[in-house]
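Descriptive analysis of the structure
Letter by letter, the chains look like this.
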Amino acid sequence: MKIGVLALQGAFIEHEKALESLGAEVFEIRQKKDIETSMDGVVLPGGESTVMGKLLNDLELMNPLRDMIKNGLPAFGTCAGLILLAEKIYEDEMVHIGTMNITARRNAYGRQLGSFETVNEFKGLGDIPMTFIRAPYIESVGEKAEVLAEVDGKIVAARQDKQLVTAFHPELTDSFAVHKYFLDNMVK
């Protein structure tokens, strides 16, 4: 299977390594011609969602990527990727790709000093390590989305059809369980 990783900004290399360790072929999406490459799924990494959204528009990637996801391309968004996929952003009119029936709360845990690590339950995987860095959380899910994990009463992972989002960075842990979940449940 071939997975495109959005490589405009953020923690994309770590996702590439995790996916390759699970046997996926990986390529980077940096410009419009890259999105024309045949792929079985796409990963939207953490980083700065506002910058990533601007770059997606400037590079003419936003609309084609949105259409591909709407038409069933499996997508996995972590941290900023969660914000990119959200239909709504709490107290913000900005919407980026907007294909997932969730409302995201940006920087919900505060600044860099609010970053933390924990181990918590992820539906279908059991307890997994979770690393939160200036993380959002999911304020609410619509009827189409399913909650997969919560930490301290806050939704931190969800899925909808072939879309998966996490507020945390599974690529920054030594567990590739969430990447495997994406490949096994969304891509295959």
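Structure's up top.
Summarised in this report is the structure supplied together with it. (Residues numbered from 1 in each chain as written. Predicted model: local features only at pLDDT ≥ 70, side-chain atom pairs only at ≥ 80, totals over all residues. Heavy atoms only, no water.)

**Let's talk about helix H1 (residues 12-21)**
Inspection of H1 places Phe12, His15, Glu16, Ala18 and Leu19 among the buried residues, and these make up the whole buried set. Considered in projection along H1, the buried side chains sweep an arc of 165° and stay on one side of the axis. Gly23 sits one or two positions beyond H1 and adopts a positive phi of about 95°. (Buried < 20%, exposed > 50% of the residue type's maximum accessible area, 1.4 Å probe, protein only. Helix = DSSP H or I, 4+ residues; strand = E, 2+ residues; numbered from the N terminus. Arc of directions from axis to C-beta.)

**Some words on the pattern of salt bridges**
The full count for this structure, using the stated rule, is nine salt bridges. One salt bridge in this structure joins Lys2 and Glu25, with 3.9 Å as the shortest N-O distance. Of this pair, Lys2 sits in strand E1 (residues 2-6) while Glu25 sits in strand E2 (residues 25-29), and the two are 23 residues apart along the sequence. The exposure class of Lys2 is partly exposed, given its relative accessible area of 25%. A salt bridge links Glu60 to Lys32; the nearest nitrogen and oxygen atoms lie 3.3 Å apart. Here Lys32 lies in helix H2 (residues 32-35) and Glu60 lies in the loop between helix H3 (49-58) and helix H4 (62-70), a separation of 28 residues in the sequence. Since its relative accessible area comes to 48%, Glu60 is described here as partly exposed. The class of Lys32 is partly exposed, set by a relative accessible area of 36%. In the salt-bridge network here, residues are joined through shared partners; they are Lys180, Asp184 and Lys188. (Salt bridge = Lys/Arg side-chain N within 4 Å of Asp/Glu carboxyl O.)

**Examining the packing of aromatic side chains**
Aromatic ring pairs: the centre-centre distance and the angle between the two ring planes describe each pair. Summed over the entire model, instances satisfying the criterion amount to four aromatic pairs. Aromatic side chains Phe76 and Phe182 sit 5.4 Å apart centroid to centroid with 35° between the ring planes, which places their arrangement in the tilted category. Of the two residues, Phe76 is situated in strand E4 (residues 75-78) and Phe182 in helix H6 (residues 177-187); the sequence distance between them amounts to 106 residues. For Phe182, a relative accessible area of 0% puts it in the buried group. On the basis of an interplanar angle of 75° and a centroid distance of 5.4 Å, the ring pair of Phe122 and Tyr181 is categorised as edge-to-face. Here Phe122 is found in strand E7 (residues 116-122), whereas its partner Tyr181 is found in helix H6, with 59 residues between them in sequence. (Phe/Tyr/Trp six-rings, centres within 6.5 Å; stacked < 30°, edge-to-face > 60°.)

**Description of the layout of surface pockets**
Taken as a whole, the largest pocket spans an internal volume of roughly 200 Å³. Together, 13 residues line the largest pocket, and Gly47, Glu48, Cys79, Ile133 and Arg134 are the ones closest to its centre. A per-class count over the lining of the largest pocket returns six nonpolar, four polar and three charged. (1 Å grid on protein atoms, 1.4 Å probe; cavity = no way out; pocket = protein on both sides within 12 Å on 5 of 7 lines; lining within 4 Å. Points joined across faces, edges and corners; volume = space filled by probe spheres on them. Nonpolar A, V, L, I, M, F, W, Y, C, P; charged D, E, K, R; others polar.)

**Brief notes about empty space enclosed by the protein**
Applying the stated criterion across every chain, the model contains one cavity of 30 Å³ or more. Reported here for the largest cavity is a volume of approximately 30 Å³. For the largest cavity, the full set of lining residues is Ile128, Pro129, Phe168, Pro170, Thr173, Ser175, Ala177 and Val178. For the lining of the largest cavity, the secondary structure elements donating two or more residues are strand E8 (126-132) and H6. Looking at the lining of the largest cavity residue by residue, the class counts come to six nonpolar, two polar and no charged.

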